[in-house]
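Letter by letter, the chains look like this.
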Amino acid sequence: MELERGGEPVPAVKFGLGAVVAAGLVGMALYASASGHWAAALGGGLIVAATFTVGGGLVGFLFGVPRLLTSGAAAHPDDQGATSTAGYAPNTNLEQVSDWLTKILLGAGLTQIGTLPHRLRELGEWLSPVVGGAAGDHGGAAGFVSALAVYYTVVGFVAGWLLTRLLLARALTAADRQTLADSVAKTVVAAPSLGFGPERVRELFETGVEGLRVQALALLQGAPDARNVDLITQAIDRHLSPFELLQALLAAKAAAGLPDLGEADRAALRSAVAYKLRNTRTVPPYSRRRAVAEDVLKRLPETAAATALIPTQAQGEAGAPGLTPARSGDQPEAAAKD
């Protein structure tokens, strides 16, 4: 079942949560209308509902805190050469506290589950005066407030868990993405003065750490080198994220203007970019990736000599003209839908 679309709860989820909350409010209104002090009963019921909704929402928040997927230093603490994709190791204290409290709550709840009916009865007797009942009431007021507490605790838990999973994860991702973009932009500007030679850039790219691979592409944007153009082609072929693909395309744009770029490298680079443009899911229309890729193709016009250097792409593995073989890390549009 689809719960979100574009980082927001789908209308069915919003309607369902609203209907559940509204049903509880209708029940409170009906109970208050039958009470001799309807205003006090309704006000007390609303306070009880709000209190347990907040409590349930807090527990749902603890259960819904997203786990951090890191690369670089955070994922490889023993590797002194690794750095985070954002240039820092994100603080995971909230995630750790959420994990600890979740386990404690589950453990304590399971050990006390046998006493739950008795605890609920005591809770109802204690809160019954809030909704117009007598102190120590064992009747309808106590039962009503107990049901109200359970009802809105569950509502708060579901709402808190769902909103945390959807909104908090989206906010944290946006913040990390902006920090990463700022880090890469600084690397691009400083690349000419950093003194990273072609071999050092190649070592960074081939570490297998996404953060270092992105930084290597940033270095190739700021200080392009014809000897490492094959790294850009590899990144375009096997990209792991839209952001990394964008950095590879920007590096290809910088490399396209190199006067010493060989025909074989130009042809391979053009072929890789042209292939990527065929998949609208990988390079969506009106995206920055598509604009940069189209600019690269303009800078690398196709020539007869370039076509002759890549016969397998021009003719296909089976010899069919115009057929391009599949690349690693990508699938044609039709296959991607399966």
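The structure this text deals with has already been given above.
Residues numbered from 1 in each chain as written. Predicted model: local features only at pLDDT ≥ 70, side-chain atom pairs only at ≥ 80, totals over all residues. Heavy atoms only, no water.

### A look at the overall build of the protein chain
Scanning the protein chain for helices and strands turns up 14 helices and two strands. Relative to its full complement of 338 residues, the protein chain shows a buried share of 36%. Sequence separation of at least 24 residues holds for 68% of the intrachain contacts in the protein chain that already meet a minimum separation of 6. Element-wise, carbon and sulfur atoms account for 63% of the exposed surface of the protein chain, whose accessible area totals about 18600 Å². (Helix = DSSP H or I, 4+ residues; strand = E, 2+ residues; numbered from the N terminus. Buried < 20%, exposed > 50% of the residue type's maximum accessible area, 1.4 Å probe, protein only. Contact = heavy atoms within 4.5 Å. Areas by Shrake-Rupley, 256 points an atom, 1.4 Å probe, with all protein chains shown as cover.)

### Examining unusual backbone geometry
Glycine aside, residues mostly have negative phi angles, and peptide bonds mostly take the trans form. Notably, Tyr286 is not glycine yet its phi reads approximately 65°, a positive angle. Of note, Tyr286 is situated in the loop between helix H10 (263–277) and helix H11 (288–299). By relative accessible area, Tyr286 is classed as exposed at 85%.

### Looking at the packing of helix H8 (residues 229–237) against helix H9 (residues 242–255)
H9 packs onto H8 with a crossing angle of 145° between their chain directions and a minimal axis gap of 9 Å. As H8 runs across H9, the sense of the crossing is left-handed. Residues Val229, Ile232, Ala235 and Ile236 of H8 pack against Leu245, Ala248, Leu249, Ala251, Ala252 and Ala255 of H9. For the contact of H8 with H9, the class distribution of residues is ten nonpolar, no polar and no charged. (Axes fitted to C-alpha atoms, helices over the stretch in contact; angles between N-to-C directions. Left-handed = near helix turned anticlockwise from the far one by under 90°. Nonpolar A, V, L, I, M, F, W, Y, C, P; charged D, E, K, R; others polar.)

### Re the packing of aromatic side chains
In total, this model carries three aromatic pairs according to the counting rule given. With centroids separated by 4.0 Å and ring planes inclined at 5°, the aromatic side chains of Tyr31 and Phe144 adopt a geometry described as stacked. Of this pair, Tyr31 sits in helix H1 (residues 11–33) while Phe144 sits in helix H5 (residues 140–194), placing them 113 residues apart in sequence. Among the residues examined, Phe144 registers a relative accessible area of 17% and is labelled buried. Note on Tyr151 and Tyr152: the rings are 5.2 Å apart at their centroids and 70° apart in plane angle, and the pair reads as edge-to-face. Exposure remark for Tyr151: the relative accessible area of 31% places this residue in the partly exposed category. (Phe/Tyr/Trp six-rings, centres within 6.5 Å; stacked < 30°, edge-to-face > 60°.)

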